[in-house]
Amino acid sequence: MTSPFVTAPTLADDKKTYGRLELNLVRNRKQDHTALLDQAAASFDYARCRDSYWNPEPFSLCYGTPIWDQASPSQRVILNQLYWVAYYSQIISAEVATIFFNQTSAAGLYAVEDFRIVCDTLDLESMQERAHINAFKKISDETEHALFGKRIFSYAMRGPYDETMVHGDTDRLRAAWKQLQLRTFGMLSSGNAFIACQYFTVRGLRTLNGKIVQHQLSHFYARHPDQANAPVPSAVSYYHFQDESYHFNSSMLISKDVLGSLAPPTPFERMVANLALRGCQKDHFHFSAAINGIFWYDPSVYAAVLEVLMSKHFGLDRRGALELMERSFCHETDGAVASRDTHTTARESYKKYLDDGLGYVSRANREMAVMSKSTLEGHLAANRAAMRSFAAAA
Ligand SMILES: [Fe+2]
Ligand SMILES: [Fe+2]
């Protein structure tokens, strides 16, 4: 494969890494869950799984808060299903961005001799992400349509420059600045192999966060006594987790092992890569009592939760709903503690990821200095302040 004109060692000469890349691609092609996901999406019928949980119980909206504690069994089923909808609505946004940066990074990496295998891997993954998004979107849209007749957590199709965090701590100015950063990163990664390669460190961290939760979501189907009749969304969680384990593997291989086949970074390249990691820390700063495992900013979820509580399924009036939300979001609850613990687990696993062979990473990123500042006290203070203005405006 290597041209006779090329005398310097290339990726193909790093036999160990090249072999692992090949194995990952061959196995992912063989076990590709695209057809199963397409089938599951096509067969989804809300009426057929409306009465059952779709996730293990702790993965329910507002689990461990008074909203959950006082919900009836049928309301709990809805909270469990809404967790699925909210969770995968966030994954849709993350994967729309992933498809784009897979493509810009593949463009940047294809400029290096013998990098075809990396690009082929990314092409397969992008195609899989479209199947993932299709399944998440079809189920989320139909579920919310059946339950509420309108969108609560789902949204119309979006592009890669929209805020990746669907319910983050942002405003118009910050969203515009973020959009500019995303555009710049896309442009830089498409023409710079180091920056392209190090996109996969960011993707690796994000996938690691997904892995922590999605592994547990996949258990519902994996341990279901009657898989053929298990609710379709639980099968989607399981199939998706299988595909994603290959994606996580390739993030690790590209960001760490493939890096050895590239020239050491210039100061500019180090800066851009560290800024991207810092951006990831900022995106993952908050944790949410509404949804354990997604680092949403609770105040920006308030409006959605209010809608749910005031819907016919919960039947609360505005005052009752706001009072219940105050008790659920503004005080220490088992739910908030569990979400904080998931945040800590994620942060510690990010540290481990960065600790291993990535010499250019700054100390502030290596120690997850931004994420480390996120505390339960800070979370409650932010929720309380926002609740006062939300209740006054609602
Ligand atoms: Fe995916
Ligand atoms: Fe993925």
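Keep in mind that this is a model prediction, so the values were computed, not measured.

Chemist: Explain the overall build of the protein chain to me, using residue names and the numbers behind them.
Modeler: What the protein chain contains, in helices and strands, is 16 helices and 0 strands. Relative to the compact-globule value of 21 Å for 394 residues, the protein chain shows a C-alpha radius of gyration of 22 Å, a close match. In terms of principal-axis extent, the alpha carbons of the protein chain reach across some 75 × 45 × 30 Å. Looking at the protein chain residue by residue over its 394 residues, the buried ones come to 55%. Both charge centroids of the protein chain, one from 41 positive and one from 42 negative side chains, sit 3 Å from each other.

Chemist: Lay out the coordination of the iron ion (ligand 1) with the relevant residues and their values.
Modeler: Binding of the iron ion (ligand 1) to the protein goes through Glu-95 (OE), Glu-95 (OE), Glu-129 (OE), His-132 (ND1), His-240 (NE2) and Glu-244 (OE), at separations of 2.0 to 2.7 Å. For the iron ion (ligand 1), the 6 donor atoms are set out with angles of 54 to 173° between them, so the coordination reads as irregular. Taken in chain order, the donor set of the iron ion (ligand 1) reads E-x33-E-x2-H-x107-H-x3-E. Between the two metals, the iron ion (ligand 1) and the iron ion (ligand 2), the spacing is 3.6 Å, and Glu-129 donates to both. With His-240 and Glu-244 both in helix H9 (residues 232–257) and 4 residues apart, the pair spans about one turn of that helix. Owing to a relative accessible area of 0%, His-240 belongs among the buried residues under this scheme. By relative accessible area, which is 8% here, Glu-244 ends up buried.

Chemist: Now, about helix H2 (residues 34–43): what can you tell me, with residues and values included?
Modeler: Every buried residue of H2 is listed here: Thr-34, Leu-37, Ala-40 and Ala-41. The arc that holds the buried residues of H2, viewed along the axis, is 130°, so those residues lie on one side. Opposite its buried face, H2 presents the exposed residues Ala-35, Gln-39 and Ala-42, each directed more than 90 degrees away. On its buried face, H2 is in contact with helix H6 (116–148) and H9.

Chemist: Lay out the layout of surface pockets in plain terms, naming residues and giving numbers.
Modeler: Within this model, the second largest pocket holds a volume of roughly 370 Å³. Elements supplying a minimum of two residues to the lining of the second largest pocket: H2, helix H3 (46–49) and H9. The residue makeup of the lining of the second largest pocket, split by class, is 11 nonpolar, 5 polar and 2 charged.

Reading guide: rules and limits
- Residues numbered from 1 in each chain as written.
- Chains lettered and ligands numbered in written order.
- Predicted model: local features only at pLDDT ≥ 70, side-chain atom pairs only at ≥ 80, totals over all residues.
- Heavy atoms only, no water.
- Helix = DSSP H or I, 4+ residues; strand = E, 2+ residues; numbered from the N terminus.
- Rg over C-alpha atoms; globule rule 2.2 N^0.38 Å.
- Buried < 20%, exposed > 50% of the residue type's maximum accessible area, 1.4 Å probe, protein only.
- Lys, Arg positive; Asp, Glu negative; His and termini not counted.
- Charge placed at Lys NZ, Arg CZ, Asp CG, Glu CD.
- Donors = N, O, S within 2.8 Å, 3.2 Å for Na, K, Ca; no water.
- Tetrahedral: all angles 85-135°; square planar, octahedral: opposite > 155°, others 65-115°.
- Arc of directions from axis to C-beta.
- Contact = heavy atoms within 4.5 Å.
- 1 Å grid on protein atoms, 1.4 Å probe; cavity = no way out; pocket = protein on both sides within 12 Å on 5 of 7 lines; lining within 4 Å.
- Points joined across faces, edges and corners; volume = space filled by probe spheres on them.
- Nonpolar A, V, L, I, M, F, W, Y, C, P; charged D, E, K, R; others polar.

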